[in-house]
Amino acid sequence: MIYPDTLLLIDGKWSAAADGQTLNVVNPATGVVIGRVSRAGTADLERAALAAKRGYDVWRRMPAWDRARVMARAATLVRERADRIARVMTHEQGKPISESKNEVLRAAEAIDWFAEEAKRSYGQMIPPRGDGVANLVTHEPIGPVAAFTPWNFPVNQLVKKVAAALAAGCSIIAKAPEETPASPAELMRAFVDAGAPAGAIGLVFGVPAEISEYLIAHPVIRKISFTGSTVVGRHLAVLAGQRTKPITLELGGHAPVLIFDDADIERATKILAASKFRNAGQVCISPTRFIVQEKSFDRFLRGFVNAAKDLKVGDGAVEGTEMGPLANERRAPVLEALIQDAVSRGGTLRTGGKRIGNKGFFFEPTVLSEVPTDARILNEEPFGPVAIINRFADYDSAITEANRTPYGLSAYAFTGSAGTMARLGKDVECGMLTINHVGFGPPEFPFGGVKDSGYGTEGGSEGISAYQTTKLVTQIAPA
Ligand code: NAD
């Protein structure tokens, strides 16, 4: 396919960087450069910030119903263009085309859902203490937003921020991922073509640290939202804190999966193996630390290893591929080092463990078992196609292990007991827990973590509040 070069979106127009700089984009299935993305410099960022201010002044004054209509049109365009956007995404990111298509259609759903929410951003009236007094509480858009999104879900990570910010009445400048720029650009194009006013949305690429430092400090920007690693998130939180700007952080995870003896083990194995290797495990909510009750351990491990061995790994653009390459070359050595460390500490490598060949960034679906908890892989987010399967004896030790790491994003459990389900809901330290199915992701669900996984929520009605401020107006009508 012909892969498009990606420009910057500033003030409603697509343009190259002022100094003409670009970065290469590589197809992770081949390692070959397939295109270029414009690299914004300071002059471009300044233009984008000033346009975001003007765009905000227009967009926030539009009635919520009109904003919702523009958004709904964008959702329709995304659906109409889904096949093409999915092909672009697979070429730059690597995931199988069916996963890309699903991501794009989910993005259209998210836009529709937030468009409807825009109409329901109600305030409240507080009962007065005196005759003639009216106390109004309203939710106002917080102002122009700077958003930073990663490469694992190039469209989905962006749409959660853009749709919520627009629904709230904010303008937004996104720095989308340089590794996978064209599919997020197609998402933004749908908003432009749907009639979003100039400056209501902007899209830039470049050197991430330069862009975040510039935009977070810029007086126009009133809110920051970041999805990515905990280390970078902490750094951006400091930059935002120095300017008294709120930040939403959706960071890493190390999801525990608790499988009890009373669960349907075969069903759990099937569901979890599919979920683990989706997007080659490069998912912040990927099930990773499998903790299986003693009697079911061997059966679960056998089934999971077989599923990993059966996976068809290949170019995501080829029909029938079940797992594509890693999105970046830099992840393979990181994964190999984590796996070697686990084995050197006594863990057992059941299948996989290394990069496949040297063309493209393919990695074997990997299963480790009986890994000691001081191994790096049980403390650092692997962010790849690696499952670690250990055993537990009783409920309390399972909870201790589930809550052991500083992460607290998602958690999974499989059990046949309603009593255990109820206890899990209270005892697992996480932002999201799914029991007996894999149920995260729809736009109406809040999405976010606790502890080192970040703070704030994307999605759900809480997702819009992240882009609003609360204002009180208390008044007495003139006599
Ligand atoms: P990284 O820490 O280098 O980058 C993570 C993301 O942050 C990238 O999108 C990058 O462009 C951006 N980034 C980096 N420095 C930045 C800065 N100073 N300002 C603004 N943005 C910045 O890691 P990586 O190698 O790209 O990815 C690996 C790790 O990132 C994983 O281990 C995982 O923890 C995390 N990650 C998390 C998610 C998620 O969905 N939460 C997505 C992608 C990556």
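Look up a bit, the structure's there.
The structure contained in this document is the topic of the report that follows. No experiment lies behind these values; they were computed from the predicted model shown.

**Here we look at the pattern of salt bridges**
With the rule as written, the count across this model stands at 28 salt bridges. Here Arg 81 ties to Asp 193 by a salt bridge, and the two come within 2.8 Å at their closest N and O atoms. Of this pair, Arg 81 sits in the loop between α2 (64-80) and α3 (82-93) while Asp 193 is found in helix α6 (residues 182-193), placing the two residues 112 residues apart along the sequence. On the accessibility criterion, Asp 193 (43% relative accessible area) is partly exposed. Among the ionic pairs, Glu 186 bridges to Arg 84, the shortest N-O distance being 3.4 Å. One end of the pair, Glu 186, is in helix α6; the other, Arg 84, is in helix α3, and 102 residues separate them in sequence. Judged by relative accessible area, which is 5%, Glu 186 ranks as buried. The structure contains a network of salt bridges with shared partners spanning Arg 84, Glu 186 and Arg 189.

**Remarks on the pairing of strand β3 (residues 22-27)**
Note that β3 and strand β4 (residues 32-38) share six bridges and pair antiparallel. Bridge pairing in β4 places Val 26 opposite Val 33. Linking two consecutive strands that pair antiparallel, namely β3 and β4, is a turn of four residues; a positive phi of about 75 degrees is found at Gly 31 within it.

**Describing the sheet that holds strand β6 (residues 133-141)**
Ordered in space as β5-β6-β20, the three strands form an open sheet in which the pairing is antiparallel. Each end of this open sheet is capped by a strand with a single partner; those strands are β5 (124-126) and β20 (468-476). Here the strands of the sheet are splayed against their neighbours by 25 degrees on average, with no regard to which way each runs. With nine bridges joining them, β6 and β20 adopt antiparallel strand pairing. Pairing of Ala 134 across the sheet is with Gln 475, part of β20.

**Side note on α6**
In a regular helix each residue adds 1.5 Å, so twelve residues correspond to 16 Å; α6 covers 16 Å between its end C-alpha atoms and thus fits that length. When we look at burial in α6, the residues that qualify are Ala 182, Ser 183, Pro 184, Ala 185, Glu 186, Leu 187, Met 188, Ala 190 and Phe 191. Note on α6: the residue one or two positions beyond its end, Gly 195, has a positive phi of about 105 degrees.

**Brief notes about the packing of helix α12 (residues 395-402) against helix α13 (residues 418-427)**
Here α12 crosses α13 at 30 degrees, and the two axes come no closer than 11 Å. Classified by chirality, the crossing of α13 by α12 is right-handed. Contact residues: α12 offers Tyr 395, Asp 396 and Ile 399, while α13 offers Thr 420, Arg 423, Leu 424 and Asp 427. Residue classes in the contact of α12 with α13 are distributed as three nonpolar, one polar and three charged.

**Things to note about the nonpolar core**
If you look at the biggest cluster of nonpolar residues, it comprises 80 residues, and the most contacted ones within it are Met 71 and Phe 191. For this core, the leading source of residues is helix α5 (residues 156-168), giving nine residues. Not counting residues up to four positions away in its chain, the partners in contact with Met 71 are Ile 111, Phe 114, Ala 115, Ala 163, Leu 166, Ala 167 and Phe 191. By size, the runner-up hydrophobic cluster in this structure holds 50 residues, among which are Ala 268, Ala 280, Ile 388 and Phe 414.

**Digging into the site of the ligand**
With respect to spatial proximity, 23 residues lie near the ligand, and among them Trp 151, Ser 212, Ser 229, Arg 330 and Glu 381 are the closest. In the environment of the ligand, an oxygen atom lies 2.6 Å from a nitrogen or oxygen atom belonging to the side chain of Ser 229. At 2.8 Å, a side-chain N or O of Arg 330 approaches an oxygen atom of the ligand. Within the complex, the protein chains bury 85% of what would otherwise be the 810 Å² of accessible surface of the ligand. Contributing elements (two or more residues each) for the shell around the ligand: α7 (208-217), β10 (223-227) and α8 (230-242). It is α7 that provides the largest number of residues to the shell around the ligand, a total of three residues. Here the shell around the ligand is composed, by residue class, of eleven nonpolar, seven polar and five charged. Counting the residues that make up the shell around the ligand, at least three belong to each of domain 1 (8-251 + 453-473) and domain 2 (255-443).

Reading the values: rules and limits
- Residues numbered from 1 in each chain as written.
- Predicted model: local features only at pLDDT ≥ 70, side-chain atom pairs only at ≥ 80, totals over all residues.
- Heavy atoms only, no water.
- Salt bridge = Lys/Arg side-chain N within 4 Å of Asp/Glu carboxyl O.
- Helix = DSSP H or I, 4+ residues; strand = E, 2+ residues; numbered from the N terminus.
- Buried < 20%, exposed > 50% of the residue type's maximum accessible area, 1.4 Å probe, protein only.
- Pairing = 2+ DSSP bridges.
- Axes fitted to C-alpha atoms, helices over the stretch in contact; angles between N-to-C directions.
- Expected span 1.5 Å × (residues − 1).
- Left-handed = near helix turned anticlockwise from the far one by under 90°.
- Contact = heavy atoms within 4.5 Å.
- Nonpolar A, V, L, I, M, F, W, Y, C, P; charged D, E, K, R; others polar.
- Core = buried A, V, L, I, M, F, W, Y, C linked by side-chain atoms within 4.5 Å.
- Near = heavy atom within 4 Å.
- Polar contact = N/O pair within 3.5 Å; in protein donor to acceptor, adjacent residues only side chain to side chain.
- Areas by Shrake-Rupley, 256 points an atom, 1.4 Å probe, with all protein chains shown as cover.
- Domains from an automatic or database assignment.

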